[in-house]
Amino acid sequence: MSAVSDRLPTFPWDKLEPYKKTAAAHPDGIVDLSVGTPVDPVPELIQKALVAAADSPGYPTVWGTPELRDAITGWVERRLGARGITHRHVLPIVGSKELVAWLPTQLGLGPGDTVAFPRLAYPTYEVGARLARAEHIAYDDPTDLDPANLRLLWLNSPSNPTGQVLGKEELTRIVAWAREHGVLVVSDECYLELGWEAEPVSVLHPDVNGGSYDGLVAVHSLSKRSNLAGYRAAFLAGDPAVLGPLLEIRKHGGMMTSAPTQAAVVAALGDDAHVREQRRRYAARRTLLREALLGHGFRIDHSEASLYLWATRDESCWDTVAHLAERGILVAPGDFYGPAGDRHVRVALTATDERVAAAVARL
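Residues numbered from 1 in each chain as written. Predicted model: local features only at pLDDT ≥ 70, side-chain atom pairs only at ≥ 80, totals over all residues. Heavy atoms only, no water.

Novice: Help me get a handle on the pattern of salt bridges, residues and values and all.
Specialist: Throughout the structure, instances matching the rule amount to 23 salt bridges. Among the salt bridges present, the one from Asp207 reaches Lys168, with a minimum N-O distance of 3.1 Å. Here Lys168 lies in helix α7 (residues 168–180) and Asp207 lies in helix α8 (residues 206–209), a separation of 39 residues in the sequence. Of the residues examined, Asp207 reaches a relative accessible area of 45% and is grouped as partly exposed. For Lys168, a relative accessible area of 36% puts it in the partly exposed group. In this structure, Arg299 and Asp314 form a salt bridge, with 3.1 Å as the shortest nitrogen-oxygen distance. In this pair, Arg299 sits in strand β9 (residues 299–301) while Asp314 sits in the loop between β10 (308–312) and α12 (317–325), placing the two residues 15 residues apart along the sequence. (Salt bridge = Lys/Arg side-chain N within 4 Å of Asp/Glu carboxyl O. Helix = DSSP H or I, 4+ residues; strand = E, 2+ residues; numbered from the N terminus. Buried < 20%, exposed > 50% of the residue type's maximum accessible area, 1.4 Å probe, protein only.)

Novice: If you had to explain the pairing of strand β6 (residues 184–188) to someone new, which residues and values would you point to?
Specialist: Every other side chain in a regular strand lies on the same face of the sheet, so the side chains alternate between the two faces. The buried count for β6 comes to five of five residues, which makes it a mostly enclosed element. Going residue by residue along β6, you find Leu184, Val186 and Asp188 tucked away on one face and Val185 and Ser187 tucked away on the opposite face as well. With five bridges joining them, strand β5 (residues 150–156) and β6 adopt parallel strand pairing. What sits directly across from Trp154, in β6, is Val186. Of the pairings in the sheet, the one linking β6 to strand β7 (residues 216–221) comprises four bridges and is parallel in character. Bridge pairing links Asp188 to Val219 in β7. (Pairing = 2+ DSSP bridges.)

Novice: Mind laying out the packing of helix α5 (residues 96–106) against helix α9 (residues 240–253), listing which residues take part and the relevant values?
Specialist: One can describe the packing of α5 onto α9 by two numbers: an axis separation of 12 Å at closest approach and a directional angle of 105°. Compared by their axis directions, α5 and α9 come out roughly perpendicular. Touching Glu98, Leu99, Leu103 and Gln106 of α5 are Leu246, Ile249 and Arg250, all from α9. (Axes fitted to C-alpha atoms, helices over the stretch in contact; angles between N-to-C directions. Parallel < 35°, antiparallel > 145°, perpendicular 65-115°, else oblique. Contact = heavy atoms within 4.5 Å.)

Novice: I'd love a proper account of the packing of aromatic side chains, names of residues and values included.
Specialist: All chains considered together, the criterion is met by nine aromatic pairs. Both rings, one in Trp75 and one in Phe235, keep their centres 5.7 Å apart while their planes meet at 80°; by these two values the pair is edge-to-face. Here Phe235 lies in strand β8 (residues 234–238) and Trp75 lies in helix α4 (residues 66–80), a separation of 160 residues in the sequence. Assessed through its relative accessible area of 2%, Trp75 is described here as buried. Put simply, the rings of Trp13, Tyr19, Trp318, Phe336 and Tyr337 touch in pairs and so form one group of aromatic residues. In this structure, Arg313 is placed above the aromatic ring of Phe298, and the distance from its NZ or CZ to the ring centre is 5.9 Å. A cation over a ring is seen here: Arg346 above Tyr308, with NZ or CZ 3.8 Å from the ring centre. (Phe/Tyr/Trp six-rings, centres within 6.5 Å; stacked < 30°, edge-to-face > 60°. Lys NZ or Arg CZ within 6 Å of the ring centre and 35° of its normal.)

Novice: For the pairing of β10, give the residues involved together with the corresponding values.
Specialist: The element β10 is extensively covered by neighbouring structure, given that five of its five residues are classed as buried. Where β9 lies against β10, three bridges are found, and the strand directions are antiparallel. By the bridge assignment, Asp301 is partnered in β10 with Trp310. Hairpin connection, β9 to β10: the antiparallel pair is bridged by six residues, and His302 has positive phi, about 50°.

Novice: Tell me about the sheet that holds strand β13 (residues 345–348), and please be specific about residues and values.
Specialist: A sheet is described by the order of its strands in space; here four strands give the open sequence β9-β10-β13-β12, paired in antiparallel fashion. The open sheet terminates on both sides in strands that have one partner only, identified here as β9 and β12 (332–333). The sheet contact formed by β12 and β13 spans two bridges and is antiparallel. Each residue of the ladder has a partner; that of Pro333, found in β13, is Val345.

Here's what the structure looks like:
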């Protein structure tokens, strides 16, 4: 076991524990703006769908029910602007983090292959490369990379942690370069429905890919848009030549979403009203926290989308973490997402209105 665990970095959130204790000692309690876990209720129509499917004694299928695949294909065409999406173009997954961590292994990557991801990025991209014993490299512009051994190129727009959005022209340029060099592009678009000062675009949009899904896969999650982090519900959409073999591998591995969860996802993807309501909640919290941070001497960089504010006081991120912890506010240090984040902190919008109001008052 140690041979596997030794490949991995220290779990970053463990480093935050002393600061969490400091914040928790505040007389009015902690305001946890660190992890970014949803706190609002699961919409009632989704809960009802889950309950209605609770009597599911048989094994679910990895590919999901036809109703689930219909719901995914319909949403991808309706919301992302994709065309000609069939069941062969989609694949349910057990939450997006599982996919990110195990995709390089499931693609058969290993020593001599390279996985690339943004300079500031979700740490699990690197973890996935390490689990597969592949090389990994962080980029500013992926088209500057040496494509010789590059097998998997992660995009992330809107970005976690920065909230930066890649525009349509930028995505088109990157996709064209990757295709020219035979590099698989996997685009993590889990925050796509949370654009504030920019309108995020999917790599599945025909203006980006020219109407072809060759060499492209998009990752989507219901954790943030529908408050379903506890359900572990996500899916892939894109190139059938990639998704077909992944389906077979995942069937052998038993990587299946529970039947009640599949039914809940059908309900969630069929309803846009609850997404608009959740967006309004996050928009209001974002406005309050942004103004409070600016008034407290912070600068906000990027942050035009997603569930976070990428904030700095032009000091060590850990000094900022300590400063805020003394005020009972816990945030994530920027270096969790790469050395380039060592002077920023990530402030999540995922706290109740009452807790956000408490943070604003303290700032």
